[in-house]
Amino acid sequence: MGDVVQMHFSTVDYVIFTLLLVASAGIGVFYAFSGGRQRTTQEFLLADRSMTCLPVSLSLLATFQSAVAILGAPSEIYTHGTQYWFLGCSYFLGLLIPAHIFIPVFYRLRLASTYEYLELRFSKSVRICGTVTFIFQMVIYMGVVLYAPALALNAVTGIDLWGAVLAMGLVCTLYTTLGGLKAVIWTDVFQTIVMFAGQLAVIVVGAHQAGGVAEVWRRAQNGSRISGLELNPDPLERHTFWTLSVGGVFLMLALYGVNQAQVQRYLSSRTENEAIMSCYVVFPCQQIVLALGCLMGLVMYSRYGEDSPLDKGYVQTNDQMVLYFVMDVLQDLPGLPGLFVACLFSGALSTISSAFNSLATVTMEDLIKPHFPAMTEARATLLSKGLALGYGLVCLAMAYIASLMGSVLQAALSIFGMIGGPLLGLFCLGMFFPWANSIGAVMGLAAGLLMAFWIGIGNFVSRMQTHGVPILNGTAILDTANATTVVMTTLVTSLTTKPRLTGLKAFYSLSYMWYSAHNSATVVVVGLVVSLLTGPSKEKDLTPGTVYPVLGTLLFFLPERYREKLCCVTPLEDKSKALARQPYQMAEKDISDAPRSPHEDKNGVEESEEKTNQPSCTLMHVEQETAL
């Protein structure tokens, strides 16, 4: 039995799996021919800013929950126990901070691309640095997200590897290109329901076969898989209460606060309140997703105990183990394995469709429109669709490259997590520190990326040297916040006490949950030091509404004149300023998108009088929403 054991799909399974792909494509075609028919960039990239809270929140959830996470969380619980469940504690702050700090700033500036904020706050060059970093991050990530589940599926069920990759990649490209963000959000809603159904089916059937939930829990306790509160403050420990609940907050912020794929969904909301509500609705949904992943791991443990299919050689990696377990549990129930595979592919589809759409948006808004301000709306929309299609094909090419990578696959996944932190740091630098200037921002971002790659690659190489085997064997693939944190993988650690690491070895073995916090802090510290050395920004030079007055609130005990010196008196939005500035911004965003300078203000106002496609309630809305 040394070879990988293959189980096979029945006809019903193939039918269910095909229905998922057909339904997803159907939603795209529906939005291509209904409503505004995707004729404007506003509709194609921002769903006409007309979405309500529920679809937006389910879409946020689906983007967060990739196929890698569906396979990763149960195998993590099976191998290491339930400590990982404490990640749920980080969701409180990880969603409250975006809801009340990031969303108000982005929404009131009427942006389409998050990186537009960087130009308003700093300069053109900072915007381009941010955009290029994001494109690099997403292009590498989406190929791996497409390839990893197809590879596991092929190993366990014998489904044709490239058939699965092409089916997913092409269907996803089709509905993203035809239906725009509306189609992406509604397919996400459909795919979220399929994901819940697939995981629930496995847990219910598995627990029933094991003799009930109480029996599952009892076996997990006997096998010491139910973890207590691990309060060890050591940042080198992979998972403790602190790494998960505090380090996890920064991972969540990098994802839900500043990642274009997520922010685009907030901006597609009808009102700012709807956007904030969608953050609140995501919170219980995420807890359910986390609980389902953890329960599945426990059901797996109750079935196999310490005698894992991995040890027996039935499968070769942890992510294949989850699929093997699913096929094993559901083999006598035709249709249910197909439902779980549909659930897995829903995870992949929702992630890569968000990637296509957000990449098309940033490329259009940050790299193309500023150079061609006179471009007509029809041509801009056509070009956006072309970009979505182009990125779809790039994704397939990246999946092919991922297939050649072998053991470097995990390193490619972790690049994603490495880049999320520095980008979070860049936005925090601009939003919370009024005296940070654009030189500081560029230097800070460079330092953060350098630090991220240093730790990430150092960790990877030191593991290779220590274990002397390709790192993919026996790894725990884990993706906690799909679009920002992926994992430095870990070989299954033995329960014996580990020798205390020193020097660079200790630096490299920092828990991957702290990467985002460490790298974003590097950006802020370097950015502030460089800004102070090169002449800090003056308050009067800042674009109103780009700085969140967090320092003013924290330093309330200082006299007014000191707070003025520190530039931290200005509120987020002054009502009169907001009303005066709004038509200018809307016109600037929707018509020219040309680089901003004060003397353009008058033109912007004239143009906005001609422009009628913006909702007339915007000004009233800004007036109502000024006080935080």
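Residues numbered from 1 in each chain as written. Predicted model: local features only at pLDDT ≥ 70, side-chain atom pairs only at ≥ 80, totals over all residues. Heavy atoms only, no water.

(A) Representation of the overall build of the chain within the structure. Counting its secondary structure elements, the chain contains 25 helices and two strands. Within the chain, the fraction of its 628 residues that count as buried is 62%. For the chain, the share of sequence-separated contacts (at least 6 apart) that also reach a separation of at least 24 residues comes to 85%. Working note: accessible area of the chain is about 23,300 Å², and carbon and sulfur atoms make up 67% of it. (Helix = DSSP H or I, 4+ residues; strand = E, 2+ residues; numbered from the N terminus. Buried < 20%, exposed > 50% of the residue type's maximum accessible area, 1.4 Å probe, protein only. Contact = heavy atoms within 4.5 Å. Areas by Shrake-Rupley, 256 points an atom, 1.4 Å probe, with all protein chains shown as cover.)

(B) Structural context of the packing of aromatic side chains. The full count for this structure, using the stated rule, is 22 aromatic pairs. An angle of 85° between the planes, with centres 5.8 Å apart, marks the rings of Phe 106 and Tyr 117 as edge-to-face. Of this pair, Phe 106 sits in helix α5 (residues 90-108) while Tyr 117 sits in helix α6 (residues 114-121); the two residues are 11 residues apart in sequence, bridging distant segments of the chain. Judged by relative accessible area, Phe 106 falls into the buried class, the value being 1%. Taken together, the ring pairs connect Phe 102, Phe 106, Tyr 115, Tyr 117, Phe 134, Phe 427 and Phe 432 into an aromatic cluster. (Phe/Tyr/Trp six-rings, centres within 6.5 Å; stacked < 30°, edge-to-face > 60°.)

(C) Fine view of unusual backbone geometry. Residue Arg 110 is not a glycine yet carries a positive backbone phi of 50°. On the secondary structure map, Arg 110 appears in the loop between α5 and α6. Phi is positive for Ser 224, close to 45°, though the residue is something other than glycine. By the secondary structure assignment, Ser 224 is in the loop between α9 (213-222) and α10 (241-256). The exposed category is assigned to Ser 224, whose relative accessible area is 55%.

(D) Molecular detail of the environment of Tyr 14. Relative to the elements of secondary structure, Tyr 14 occurs in helix α1 (residues 11-32). Each C-alpha atom of the pair Tyr 14 and Gly 338 lies 6.3 Å from the other, and the pair is 324 residues apart in sequence. Excluding anything up to four places from it in sequence, Tyr 14 contacts Phe 9 and Ile 159.

(E) Expanded view of a nonpolar patch on the surface. On the surface, Trp 162, Leu 166, Leu 170, Leu 389, Leu 393, Tyr 400, Ile 401 and Leu 404 cluster together to form a nonpolar patch covering roughly 760 Å² of accessible area. Of all the secondary-structure elements, those providing two or more residues to the nonpolar patch are α8 (161-210) and α16 (377-405). The element best represented in the nonpolar patch is α16, accounting for five residues. For Leu 404, the location among the structural elements is in helix α16. (Patch = residues over 30% accessible without salt bridge, like charges linked within 9 Å, V, L, I, M, F, W, Y side chains within 5 Å. Salt bridge = Lys/Arg side-chain N within 4 Å of Asp/Glu carboxyl O.)

(F) Spatial organisation of the packing of helix α7 (residues 124-157) against helix α14 (residues 318-330). Following both chains from N to C, one finds α7 and α14 inclined at 50°, their axes separated by 9 Å at the closest point. If you check the angle between α7 and α14, you find them oblique. In terms of crossing hand, the pair formed by α7 and α14 is right-handed. Facing α7, whose interface residues are Ala 148, Ala 152, Leu 153, Ala 155, Val 156 and Thr 157, α14 presents Asp 319, Gln 320, Leu 323, Tyr 324 and Met 327. Here the contact of α7 with α14 is composed, by residue class, of eight nonpolar, two polar and one charged. (Axes fitted to C-alpha atoms, helices over the stretch in contact; angles between N-to-C directions. Parallel < 35°, antiparallel > 145°, perpendicular 65-115°, else oblique. Left-handed = near helix turned anticlockwise from the far one by under 90°. Nonpolar A, V, L, I, M, F, W, Y, C, P; charged D, E, K, R; others polar.)

(G) Region of interest: the confidence of the model for the chain. Mean pLDDT over the chain: 82, with 82% of residues reaching 70 or higher. Averaged over each element, pLDDT in the chain is lowest for helix α25 (residues 618-624) (32) and highest for helix α20 (residues 515-534) (95). Note that residues 469-497 has pLDDT below 50 and, in this model, 103 contacts with residues that lie over four places away or in other chains. Taken as a whole, residues 574-628 scores under 50 in pLDDT and shows 84 contacts with residues more than four places along the chain or in a different chain. (pLDDT = per-residue confidence, 0-100.)

(H) Molecular detail of helix α12 (residues 272-304). Given a rise of 1.5 Å per residue, 33 residues ought to cover 48 Å, and the 49 Å separating the end C-alpha atoms of α12 matches this to within 8%. Downstream of α12 by a residue or two, Gly 305 has a phi angle that is positive, lying close to 60°. (Expected span 1.5 Å × (residues − 1).)

(I) The arrangement of the environment of Thr 534 in detail. Within the secondary structure layout, Thr 534 lies in helix α20. The partly exposed category is assigned to Thr 534, whose relative accessible area is 40%. For the pair Thr 534 and Gly 440, spaced 94 residues apart in sequence, the C-alpha to C-alpha distance is 7.9 Å. Here the side chain of Thr 534 touches Asn 437 through a polar contact of 2.9 Å, side chain to side chain. (Polar contact = N/O pair within 3.5 Å; in protein donor to acceptor, adjacent residues only side chain to side chain.)

(J) Layout of the pattern of salt bridges. Applying the stated criterion across every chain, the model contains 13 salt bridges. A salt bridge links Glu 119 to Arg 127; its shortest N-O distance comes to 2.4 Å. As far as the burial class goes, Glu 119 and Arg 127 line up, both buried. Residue Asp 188 is joined to Arg 265 by a salt bridge in which the shortest nitrogen-to-oxygen separation is 3.3 Å. Linking Asp 188 in helix α8 with Arg 265 in helix α11 (residues 260-267), this pair joins segments that are 77 residues apart in sequence. What makes Asp 188 buried here is its relative accessible area of 0%. Each of Glu 119, Lys 124, Arg 127 and Asp 366 takes part in salt bridges that share partners, so that together they form one network.

(K) Local environment of α16. In this model, α16 (29 residues) spans 41 Å end to end at C-alpha, consistent with the 42 Å of a helix rising 1.5 Å per residue. Looking at α16, one finds that the buried residues are Ala 380, Thr 381, Ser 384, Leu 387, Ala 388, Tyr 391, Gly 392, Cys 395, Leu 396, Met 398, Ala 399 and Ala 402.

(L) Seen up close, the side chain of Ser 462. Following the sequence through the fold, Ser 462 ends up in helix α18 (residues 438-467). Given the relative accessible area of 13%, Ser 462 is considered buried. At 3.1 Å, the side chain of Ser 462 forms a polar contact with the backbone oxygen of Asn 459. In this view, Ser 462 contacts Lys 505 and Tyr 508; residues no more than four positions away in its chain are not counted.

(M) The arrangement of the environment of Arg 238 in detail. Structurally, Arg 238 can be placed in the loop between α9 and α10. On the basis of relative accessible area, Arg 238 is assigned to the buried category, the value being 15%. In sequence terms Arg 238 and Trp 514 are 276 residues apart; their C-alpha atoms lie 9.3 Å from each other. A distance of 2.8 Å separates a polar atom in the side chain of Arg 238 from a polar atom in the side chain of Glu 76.

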